[in-house]
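Here is how the chains run, residue by residue.
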Amino acid sequence: MADRRGDTWKRHISEQLRMRDRVQRQAFEEIISQYNRLLEKSDLQAVLSERYQSDGPRAAQLSAADGGIRGDLQQEMSQMRIKHQEELTELHKKRGELAQNVIELNNQIQQKDKEIQRNEAKMLEYQTQIATLEGDCRKLKTYLQDLEQANQMLKDEYDALQITFSALEEKLRRTTEDNQELVSRWMAEKAQEANRLNAENEKDCRRRQAKLQKELADAAKEPLPLDPEDDIEVLAEDCGKGTGEDSSPSWSLSRTSSKRISQVPPGGLLDSITNIFGYHTQPAIRGSSGSEPAHWNMICVCVCCRRRPGNSLSTSPENTETLLGGVEVRVPSTALHVFEAHDGEVNAVRFSPGSRLLATGGMDRRVKLWEVISGRCEPKGALTGSNAGITSIEFDSTGSYLLAASNDFASRIWTVDDFRLRHTLTGHSGKVLAARFLLDNARIVSGSYDRTLKLWDLRSKVCMKTVFAGSSCNDIVCTEQCVMSGHFDKKVRFWDIRAESIVTELELQGRVTSLDLSQERTELLTCSRDDLLKIIDLRTNTVRHTFSAPGFKCGADWTRVCFSPDSNYVVGGSADGGVYVWNVLTGKLDRLLDKNHSSAINAVSWSPSGTFVLSVEKGSKAVLWSDL
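Residues numbered from 1 in each chain as written. Predicted model: local features only at pLDDT ≥ 70, side-chain atom pairs only at ≥ 80, totals over all residues. Heavy atoms only, no water.

Draft legend 1. Highlighting the overall build of the chain. The helix and strand inventory of the chain stands at 5 helices and 31 strands. Classification of the 628 residues of the chain by burial places 34% in the buried group. Considering only intrachain contacts with a sequence separation of at least 6, the fraction spanning at least 24 residues in the chain is 49%. For the chain, the computed accessible surface area is about 38,300 Å², with 52% contributed by carbon and sulfur atoms. (Helix = DSSP H or I, 4+ residues; strand = E, 2+ residues; numbered from the N terminus. Buried < 20%, exposed > 50% of the residue type's maximum accessible area, 1.4 Å probe, protein only. Contact = heavy atoms within 4.5 Å. Areas by Shrake-Rupley, 256 points an atom, 1.4 Å probe, with all protein chains shown as cover.)

Draft legend 2. Seen up close, the sheet that holds strand S5 (residues 346-351). Taken together, 4 strands build an open sheet; the order of strands is S5-S6-S7-S8 and the sheet is antiparallel. Looking at which strands have only one partner, the edges of the open sheet turn out to be S5 and strand S8 (376-383). On average, adjacent strands in this sheet sit at an angle of 25° to one another, irrespective of strand direction. Pairing geometry for S5 and strand S6 (residues 357-362), over 5 bridges, is antiparallel. Bridge pairing in S6 places Phe351 opposite Leu358. (Pairing = 2+ DSSP bridges. Axes fitted to C-alpha atoms, helices over the stretch in contact; angles between N-to-C directions.)

Draft legend 3. Highlighting the packing of aromatic side chains. A complete count under the given rule lists 6 aromatic pairs for this structure. When the ring of Phe547 is compared with that of Trp582, the centres are 6.2 Å apart and the planes differ by 40°; the resulting orientation is tilted. Taken together, the positions of Phe547 in strand S24 (residues 542-547) and Trp582 in strand S27 (residues 579-583) put the pair 35 residues apart, joining distant regions of the chain. Residue Trp582 is classed as buried on the basis of its relative accessible area of 0%. Considering the side-chain rings of Tyr569 and Trp606, the 6.2 Å spacing of their centres and the 35° angle between planes classify their relative orientation as tilted. Here the residue Tyr569 occupies a position in strand S26 (residues 569-573), and Trp606 occupies one in strand S29 (residues 601-606), the gap between them amounting to 37 residues. No difference in accessibility class separates Tyr569 from Trp606, as the two residues are buried. (Phe/Tyr/Trp six-rings, centres within 6.5 Å; stacked < 30°, edge-to-face > 60°.)

Draft legend 4. Representation of the sheet that holds strand S20 (residues 501-507) in the model. Judged by pairing direction, the sheet is antiparallel, and its 4 strands sit side by side in the order S17-S18-S19-S20 without closing on themselves. Edge positions in the sheet fall to strand S17 (473-478) and S20, since each of these pairs with one other strand and no more. Within this sheet the neighbouring strands show an average axis-to-axis angle of 20°, counted without direction. Alignment of strand S19 (residues 491-496) against S20, held across 6 bridges, turns out to be antiparallel. When the bridges of S20 are listed, Trp495 appears paired with Ile502.

Draft legend 5. Quick look at the nonpolar core. With 15 residues, the main nonpolar core has Cys377 and Leu614 as its most contacted residues. Of all the elements in the fold, those that place two or more residues in this core are S5, strand S7 (367-373), strand S30 (613-617) and strand S31 (621-626). Here the element with the most residues in this core is S5; it accounts for 3 residues. Other than its neighbours up to four places away in sequence, Leu614 contacts Phe339, Val349, Phe351, Leu358, Thr360, Cys377, Ala603, Val604, Ser605, Val623 and Leu624. (Core = buried A, V, L, I, M, F, W, Y, C linked by side-chain atoms within 4.5 Å.)

Draft legend 6. Representation of the pattern of salt bridges within the structure. Under the counting rule described, the total for this entry stands at 24 salt bridges. Where Glu523 meets Arg544, a salt bridge forms, and the shortest distance between an N and an O atom there is 1.8 Å. Separated by 21 residues along the polypeptide, Glu523 in strand S22 (residues 523-528) and Arg544 in strand S24 bring together distant segments of the chain. Residue class for Arg544 comes out partly exposed when judged on its relative accessible area of 43%. Through salt bridges with shared partners, a single ionic network connects Arg350, Glu394, Arg436, Asp475 and Arg560. (Salt bridge = Lys/Arg side-chain N within 4 Å of Asp/Glu carboxyl O.)

Draft legend 7. Spatial organisation of the side chain of Thr611. Examined against the element boundaries, Thr611 turns out to sit in the loop between S29 and S30. Classification of Thr611 by relative accessible area gives buried; the value is 12%.

Draft legend 8. Fine view of the confidence of the model for the chain. Model confidence for the chain is summarised by a mean pLDDT of 79, while 79% of its residues fall at 70 or above. Confidence, expressed as mean pLDDT per element, reaches its minimum in the chain at strand S3 (residues 298-305) with 31 and its maximum at strand S10 (residues 401-406) with 95. Per-residue pLDDT stays below 50 along residues 228-325; that stretch engages in 119 contacts with residues further than four places along the chain or on separate chains. (pLDDT = per-residue confidence, 0-100.)

Draft legend 9. How the structure looks around the environment of Arg356. In this fold, Arg356 is placed in the loop between S5 and S6. Expressed as a C-alpha distance, the spacing of Arg356 and Val372, which sit 16 residues apart in the sequence, is 5.4 Å.

Draft legend 10. Structural context of the pairing of strand S28 (residues 589-593). Judged from the 4 bridges that link them, S27 and S28 form a sheet pairing that is antiparallel. Along S28, the bridge assignment pairs Val579 with Leu593. Where S27 folds back on S28, the antiparallel hairpin that results is connected by 5 residues, among which Gly587 adopts a positive phi of roughly 75°.

Draft legend 11. Geometry of the state of the cysteines. Scanning the entire structure with this criterion turns up 0 disulfides. Not part of a disulfide, Cys478 finds its nearest cysteine sulfur in Cys482, a span of 8.6 Å. (Disulfide = S-S within 2.5 Å.)

Draft legend 12. Focus on unusual backbone geometry. With a phi close to 70°, Phe409 is a non-glycine residue in the positive phi region. Non-glycine residue Ser567 carries a positive phi angle of around 65°. On the secondary structure map, Ser567 appears in the loop between strand S25 (562-563) and S26. Classification of Ser567 by relative accessible area gives buried; the value is 6%.

Draft legend 13. Molecular detail of the side chain of Ser620. Counting through the fold element by element, Ser620 comes out in the loop between S30 and S31. When sequence neighbours within four positions are dropped, the list of residues in contact with Ser620 reads Phe339, Glu340, Ala341, His342, Gly344 and Val346.

Draft legend 14. Examining the environment of Met80 more closely. Checked against the element boundaries, Met80 lands in helix H3 (residues 67-220). According to the relative accessible area criterion, Met80 is partly exposed, its value standing at 30%. Separated by 39 residues in the primary sequence, Met80 and Lys41 have C-alpha atoms spaced 9.7 Å apart.

Draft legend 15. Layout of the pairing of S17. Of all 6 residues in S17, 6 are buried; the element is thus mostly enclosed. As paired elements, S17 and strand S18 (residues 482-487) share 5 bridges and run antiparallel to each other. Paired with Asp475 across the strands is Gly486, a residue of S18. The turn joining S17 and S18, which pair antiparallel and follow one another in sequence, is formed by 3 residues.

Next comes the structure, spelled out in structure tokens:
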């Protein structure tokens, strides 16, 4: 093929040269013929001149006779000489012009030769490229064939998996039917057992009532004074028959080691003690129909009190505040402890409910536990098992379990006491950016970069539901039956867990980075990339407050903010390393803490006691704040 192309361009050049020769030769043929005629005439003139010179003496002799003839001849010769000179001059002029044309044509020929050489070089380069492209084309054809074979193999595997899936789906259906049948049988057995327990409970209550009445009758015969230093055991019992008769009176029995009787403490005292320690009225076991027992309900409260030289209860201030239900929130003003929390960026922080324990999560793939002791965060241990950075942390309502989301597409649960990994929940196809316990602590909701939310059951360790949200989920908060999610598309979505559908949605002005619920669960705090914090009233679904401050800037798509325990303050970290505290009642900035962080703050958390605030940054530092 290359030889054929080489012969073609050679023939083309040869034809061009022949064409140029014919054209240029036709232009010069007339000049050459005229030049030849001039040469002939010049030769003739030279011959005549020689002859005239040789005939000079002879002409002198014959001058008289041939005078008239010579005169005519000389005149004719002079005219011919002048004419020949003019023709010669004209020929010299044309010769010069033709010489100039020849030079120009030679220059053009040289340029054409150079252009031909360049074209030949380009042609060789193009031929090389063509050969390379042909090789690439062959490789691509081979690769395409391999892809087609792989595609066919995947298609066959997909068909096989589809068949397997159909079989498994049928098996699941049968298993579900069997499970429903077993549950029905189990519920029937439970109902029968409840009926038996109700009957036994009724008999036991009657026996105790008769015994109590007998003891009260015996004790009423010998009333004795009460020694205040003796131990007291108070038993209050209220039994009423369900047959329509008047209920028996309430009795109070006080027993000491010497069988002495005292009066029952006032009802208000019992009520206050009940509220403090969390005792509540427990209904009797229900029958199979779900109704109350047929005869009576029993309420029994037992309180044991012993006289002590000091305080009767030895609890920490934080636990005491939690038990009493009142929290004294202190707006932080001082950095108590600045410490290196992780090897790298710290993404999440959370206090455990009702204790001084807190957890931090970072890009070093660890969750670290800390305890606040004397204004310092002392390390308690580390939870390992994640294969990528931690993005979110959550304790359950008892503080016994810790849930963490990570960048390895999974969520994990550890027990706090022994630091053991209990569950690993996988199924997302993107980074898990948030995970939260539901109020029953038996289910979990997770949100991911793959634009889905998943509901997990910890009993069966499976995903119960998957909901497509349409946008990357950055944070989640939960109530009993509603999940609120903040998304990359600037929307807060409200989901009904039972219906798997959006109840409503609210659009903000920037990408939503954080959500938090107030203590009463009636208000929702949001943070977005437009550098605004907003409180949404969940009863009216409207924005109640908007918080901003000069210098406050949301530093990342996962910047976390939170309420104070009494919901009277909100706190957030800024990209400039400052911690901003706003007063909810006034809507104004209350405090700015800006001297201890050197990079953007990722998350903040307020302790349940209201005493401490911990902030973590994109660096490796964490700062414990308080007003102590």
